[in-house]
Amino acid sequence: MSKTEVYFSNDARLIKQATVIKLLAAGNWINEKSTEFFKRYDLSTQQFNVLRILRGQKGEPANLCDVQERMISKMSNTTRLIEKLRIKGLLHREQCEENRRKIEIRISKKGLNLLAEIDEEIDKHENKVTEKLSLEELKNLNKLLHKLTQE
């Protein structure tokens, strides 16, 4: 059966298999495009995700659990990501005064400046990735992906 024949099939098993394969392929394609984009800034997609999470804290500290919980990829080694970003000077990691076991993480000025630089280009990147879909198709895709990923 050809790729286009799957779209017209009534075989539920075949359609489900094709859907999972297409989702995996699309995820890999987007990941490759994003990896290529962030390489210009010496960042991984996961490191960018951490920086955006910390910027969203608006100066308030986050801890490792908070960051891990909000990561797109739950399989990321958050401790390693935080350390790499600290070495690059993009965030600060400090021990909490009230609870010595708790580590507080804040984005640095350098990290905020890098995100501001990326913000200027990320729209172009996202437009390029989604350019084949109309606004209505993007809305529908978002609804379907939300429905698919809700537990």
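Scroll up a little and you will see the structure.
As the structure is a prediction and not an experimental result, all values here were calculated from the model.

Caption draft 1: Structural view of the overall build of the protein chain. Of the regular secondary structure elements, the protein chain holds seven helices and two strands. Against the compact-globule benchmark of 15 Å for 151 residues, the protein chain has a radius of gyration of 19 Å, which places it well outside the compact range. For the protein chain, the spread of C-alpha atoms along the principal axes amounts to about 60 × 30 × 25 Å. Counting contacts in the protein chain only where the partners sit at least 6 residues apart, residues at least 24 apart contribute 49% of the total. Of the roughly 11,400 Å² that the protein chain leaves accessible, carbon and sulfur atoms contribute 53%. With 29 positive and 23 negative side-chain charges, the protein chain shows a separation of 3 Å between the mean positions of the two kinds.

Caption draft 2: Inspection of the layout of surface pockets at higher detail. By volume, the largest pocket amounts to about 1,900 Å³. Broken down by secondary-structure element, the contributors of at least two residues to the lining of the largest pocket are helix H2 (12-39), helix H3 (45-55), helix H6 (109-130) and helix H7 (135-149). Per element, the largest residue contribution to the lining of the largest pocket is 13 residues, and it comes from H2. Across the lining of the largest pocket, the residue classes tally to 18 nonpolar, 12 polar and 11 charged.

Caption draft 3: Structural context of the packing of H3 against H6. Between H3 and H6, the shortest axis-to-axis distance is 11 Å and the interhelical angle comes to 110°. The pairing of H3 with H6 is recorded here as roughly perpendicular in orientation. H3 and H6 meet at a crossing whose hand is left-handed. Where H3 approaches H6, its residues Phe48, Leu51, Arg52 and Arg55 are matched on the opposing element by Leu112, Leu114, Leu115, Ala116, Ile118, Asp119 and Ile122.

Caption draft 4: Here's a closer look at a nonpolar patch on the surface. A surface patch of nonpolar side chains, amounting to about 400 Å² of accessible area, comprises Leu23, Leu133, Leu141, Leu145 and Leu148. Assignment of secondary structure puts Leu141 in helix H7.

Calculation criteria
Residues numbered from 1 in each chain as written. Predicted model: local features only at pLDDT ≥ 70, side-chain atom pairs only at ≥ 80, totals over all residues. Heavy atoms only, no water. Helix = DSSP H or I, 4+ residues; strand = E, 2+ residues; numbered from the N terminus. Rg over C-alpha atoms; globule rule 2.2 N^0.38 Å. Contact = heavy atoms within 4.5 Å. Areas by Shrake-Rupley, 256 points an atom, 1.4 Å probe, with all protein chains shown as cover. Lys, Arg positive; Asp, Glu negative; His and termini not counted. Charge placed at Lys NZ, Arg CZ, Asp CG, Glu CD. 1 Å grid on protein atoms, 1.4 Å probe; cavity = no way out; pocket = protein on both sides within 12 Å on 5 of 7 lines; lining within 4 Å. Points joined across faces, edges and corners; volume = space filled by probe spheres on them. Nonpolar A, V, L, I, M, F, W, Y, C, P; charged D, E, K, R; others polar. Axes fitted to C-alpha atoms, helices over the stretch in contact; angles between N-to-C directions. Parallel < 35°, antiparallel > 145°, perpendicular 65-115°, else oblique. Left-handed = near helix turned anticlockwise from the far one by under 90°. Patch = residues over 30% accessible without salt bridge, like charges linked within 9 Å, V, L, I, M, F, W, Y side chains within 5 Å. Salt bridge = Lys/Arg side-chain N within 4 Å of Asp/Glu carboxyl O.

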